[in-house]
Amino acid sequence: MVHNKAVLCLLLAGVSLPAMAPEDTVQVDASNSAMRPYIERYTTDRATLQRMFSSPMAPAAQERMKKFQADWLERIGKLDFDGLTEEGKVDYILFRNYVEHDSRQLDLQSRRNREMAPMLPFEGPVLALEEARRSMKWIEGRAAAEALVAIEKQVTAVKRSLESEMRQSTSKRSLANQAAVNAQALRGILKHWYDFYNGYDPLFTWWTAEPYKATDAALQAYAKFLREKIAGVRSGADAAPEPLAGPGRRGGGGLALTGTSAVAQAGDTSDIVGVPVGRDGLMSELAYEMIPYTPEELIAIANKEFAWCEGEMKRASRELGYGDDWHKALEHVKNLYVDPGKQTTLIRDLALEAVDFLKKNDLVTVPELSNESWHIEMMAPERQLVNPFFLGGDLIIVSYPTSTMTHEQKMMGMRGNNPHFSRATVFHELTPGHHLQGYMAARYHTYREAFRTPFYGEGWSLYWELLMWDLKFGKTPEDRIGMLFWHMHRCARIIFSLSFHMEKMTPQECVDFLVDRVGHERENAAGEVRRSFDGSYGPLYQAAYLLGGMQLHDLHRELVESGKMTNRAFHDAVLKEGSIPIEMVRASLMKQRLTRDFVTSWKFRGPNPLGN
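Here we summarise the structure given alongside this text. Quantities reported herein were computed from a predicted structural model and do not represent experimental measurements. (Residues numbered from 1 in each chain as written. Predicted model: local features only at pLDDT ≥ 70, side-chain atom pairs only at ≥ 80, totals over all residues. Heavy atoms only, no water.)

Re the overall build of the chain
So, point 1. Across its full length, the chain holds 24 helices and two strands.
So, point 2. Expressed as a percentage of the 612 residues in the chain, the buried residues total 57%.
So, point 3. For the chain, contacts bridging at least 24 residues in sequence account for 77% of all contacts bridging at least 6.
So, point 4. Of the roughly 25,400 Å² that the chain leaves accessible, carbon and sulfur atoms contribute 54%. (Helix = DSSP H or I, 4+ residues; strand = E, 2+ residues; numbered from the N terminus. Buried < 20%, exposed > 50% of the residue type's maximum accessible area, 1.4 Å probe, protein only. Contact = heavy atoms within 4.5 Å. Areas by Shrake-Rupley, 256 points an atom, 1.4 Å probe, with all protein chains shown as cover.)

Laid out in structure tokens, this is it:
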């Protein structure tokens, strides 16, 4: 019986799935690293510590986490590195790098909190109330009321002192926007404190009911003031966000770098504020990702790659009769969109074509269960404002206009998801991209999930775009323009995201760059920039696509083009390493001699990108 609905639909439509390798040809994970128990213990204890405190903003939480990290670094330093297997040595270096990064991020977040402190003078008193409650210290009703009144006065006073200030620099806007997010988080913490006693202690309720209402209203008004008057963000939802573990998704001991608390609307970019982490923040992240380049060098690499793309765009444009005006050729390709209702059929056919290409060229093992277990969903209209293109994994979420959208939105959505743009997007998201990658990650080196990195996660899928170009998967000039569009887009992501975090580009300039240099539809460009800086991703995430792809592409040259490995052996081996920095994938596959004091050094795009 066929259980998967995607497969069932394909069979009913008379479509045959490409035959894949039998499941029993895929080996099970036989790794046995001596470092695994240490890694698992650290991540488990770290999560426990994060749950101990009401907020990662609390000084006590940061002090305790700092001690935890220092203790673990000392423990790691005492381990017998030379007695480890090669796999264990890779894990040792990954683990030490992970803990060192946690420590650096905590320092950077502490500095950020100190910068915000003048805007949040009431943070300490709010956290003190909740920490006392969590420590099981009972509070008398009158004392609680007096504490609330004092907090309200602090909120009112700081609001009054800031009322003369208007929008200022990007740094000031982002700081105010983050302070607004933190103020809302503090409002949520205060509500949790109040609800614990309210109704259970009649005297507490008698004393605090009205002071609490006044304090809560003051916090709400202050967060709105910071967001709208200082940060310049249009009015949005007022619900208090949940504080996360730290910068980006992985955490690092601070509040999540949430860039906006407003609701995205078509044509409006005022909500895109973001939190520039500065050059020091980027350097910390690059050290963690084992990228031995500066942000300036990476921008230079992206500009060089951008120039190559423009050359190839002109070549394809000439084939289509548009001369060197590749923007006209791009317009031609955008207007080749399919009619409403036919996009899912297109996606299905492109997915099957890609898998068939892998099989015919013996590029990678695709287990039968992986090949069966993907399906298609449609993206909600409101989500398309932030994600104007496809998303994927074990399902591919198709971005395409609905009847509820305006005519302009429909045209942008259809043009931006035309068949030739979609050609690369589909295999990026499904197979051999994220779907196959996720399938293997759940079965090999699972404990390395703690080290997950977009340079592997997104780099793997982007690498296949580069390799499929080399293998001439793009059959027509239109196909090549579609693939080049995404290549240019990834170059642009490096340039605008790193420039934004060094405060050299504003969000609006990022949008304009995508429109003018890459050829994005304006609304799609705004969605891309909004997603880049909304706090869901770390500061290197957008740059990681192409840079990680370049790393794997260079590693392919070293191992496959040199004749040391076949395509299938190489790709299967990379998939089994797990989501770790690519330099450590390289060290493992090349049997590199590792030392305890290993420092990243692999300059995969040459030693001097700036040329000076």
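Considering the side chain of T215
So, point 1. Within the fold, T215 resides in helix α8 (residues 202-230).
So, point 2. Classification of T215 as buried rests on a relative accessible area of 0%.
So, point 3. A distance of 3.0 Å separates a polar atom in the side chain of T215 from the backbone oxygen of L148.
So, point 4. Apart from the residues lying within four places of it in its own chain, the contact partners of T215 are L148, I151, E152 and L190. (Polar contact = N/O pair within 3.5 Å; in protein donor to acceptor, adjacent residues only side chain to side chain.)

Describing the packing of aromatic side chains
So, point 1. Taken as a whole and assessed by the stated rule, the structure comprises 33 aromatic pairs.
So, point 2. Centroid distance F421 to W486: 6.2 Å. Interplanar angle 65°. Geometry classified as edge-to-face. In this pair, F421 sits in helix α16 (residues 419-429) while W486 sits in helix α19 (residues 477-501), placing the two residues 65 residues apart along the sequence.
So, point 3. Relative accessible area serves as the criterion here: at 1%, F421 is assigned to the buried category.
So, point 4. You can call W486 buried: its relative accessible area is 5%.
So, point 5. Among the aromatic residues, those joined into a ring-pair cluster are W138, W193, Y194, F196, Y197, F204 and Y212.
So, point 6. The aromatic ring of Y439 is capped on one face by R443, whose charged end is 3.5 Å from the ring centroid.
So, point 7. Its end group placed over the ring of F306, R517 keeps NZ or CZ at 4.4 Å from the ring centre. (Phe/Tyr/Trp six-rings, centres within 6.5 Å; stacked < 30°, edge-to-face > 60°. Lys NZ or Arg CZ within 6 Å of the ring centre and 35° of its normal.)

A word on helix α15 (residues 407-416)
So, point 1. For α15, the full list of buried residues reads Q409, M412, G413, M414, R415 and G416.
So, point 2. Of the surrounding secondary structure, the elements contacted by the buried residues of α15 are α11 (326-334), α16 and α21 (522-532).

Here we look at a nonpolar patch on the surface
So, point 1. A cluster of nonpolar side chains, contributed by L203, W206 and W207, occupies part of the molecular surface with about 400 Å² of accessible area.
So, point 2. Its location among the elements puts W206 in helix α8.
So, point 3. The class of W206 is exposed, set by a relative accessible area of 66%. (Patch = residues over 30% accessible without salt bridge, like charges linked within 9 Å, V, L, I, M, F, W, Y side chains within 5 Å. Salt bridge = Lys/Arg side-chain N within 4 Å of Asp/Glu carboxyl O.)

Considering the nonpolar core
So, point 1. The biggest cluster of nonpolar side chains holds 116 residues, and the ones touching the most others in it are F95, L298, F451, W464 and M584.
So, point 2. Ranked by residues supplied to this core, first place goes to α19 with 13 residues.
So, point 3. When neighbours within four sequence positions are excluded, M584 is seen to be in contact with V90, I93, L94, M290, L594 and F598.
So, point 4. Grouped together as the second largest cluster of nonpolar side chains are 42 residues, A58, M116, Y194 and Y222 included. (Core = buried A, V, L, I, M, F, W, Y, C linked by side-chain atoms within 4.5 Å.)

Things to note about the packing of helix α2 (residues 36-52) against helix α3 (residues 59-77)
So, point 1. For the pair α2 and α3, interaxial distance at closest approach is 11 Å and the crossing angle is 170°. Accordingly, the angle class assigned to the pair α2 and α3 is roughly antiparallel. The residues of α3 that touch α2, namely those facing Y38, R41, Y42, D45, R46, L49 and Q50, are R64, M65, F68, Q69 and W72.
So, point 2. Broken down by class, the residue content of the contact of α2 with α3 amounts to six nonpolar, two polar and four charged. (Axes fitted to C-alpha atoms, helices over the stretch in contact; angles between N-to-C directions. Parallel < 35°, antiparallel > 145°, perpendicular 65-115°, else oblique. Nonpolar A, V, L, I, M, F, W, Y, C, P; charged D, E, K, R; others polar.)

So, the pattern of salt bridges
So, point 1. The full count for this structure, using the stated rule, is 41 salt bridges.
So, point 2. Residues E310 and R517 are paired through a salt bridge, measuring 3.9 Å at the closest nitrogen-oxygen approach. Linking E310 in helix α10 (residues 295-319) with R517 in helix α20 (residues 507-518), this pair joins segments that are 207 residues apart in sequence.
So, point 3. One salt bridge in this structure joins R415 and E521, with 2.7 Å as the shortest N-O distance. Here R415 is found in helix α15, whereas its partner E521 is found in the loop between α20 and α21, with 106 residues between them in sequence. E521 matches R415 in its accessibility class, with the two residues each being buried.
So, point 4. One salt-bridge network, in which partners are shared between bridges, spans E331, K334, R415 and E521.

Regarding helix α12 (residues 343-360)
So, point 1. Its 18 residues place the ends of α12 26 Å apart at the C-alpha level, agreeing with the 26 Å of an ideal helix rising 1.5 Å per residue.
So, point 2. After α12 finishes, the residue D362 shows a positive phi value of roughly 50°. (Expected span 1.5 Å × (residues − 1).)

Digging into the state of the cysteines
So, point 1. Scanning all chains against the criterion turns up zero disulfides.
So, point 2. In this model C309 remains outside any disulfide bridge; the closest cysteine sulfur is found in C491, 4.5 Å from its own.
So, point 3. By relative accessible area, which is 0% here, C491 ends up buried. (Disulfide = S-S within 2.5 Å.)

Structural notes on the side chain of S55
So, point 1. Mapped onto the elements of the fold, S55 is located in the loop between α2 and α3.
So, point 2. Look at S55 and you get buried, because its relative accessible area is 1%.
So, point 3. When near neighbours in sequence (up to four residues on either side) are disregarded, S55 contacts A61, L127, E131 and I189.

Concerning the packing of α11 against α19
So, point 1. Following both chains from N to C, one finds α11 and α19 inclined at 110°, their axes separated by 10 Å at the closest point. Considering the angle they form, α11 stands roughly perpendicular to α19. Touching W326, A329, L330, H332 and V333 of α11 are E478, I481, F485 and M488, all from α19.
So, point 2. A breakdown of the residues in the contact of α11 with α19 according to their chemical character gives seven nonpolar, one polar and one charged.

So far we have only geometry, and geometry alone does not tell us how the molecule works.
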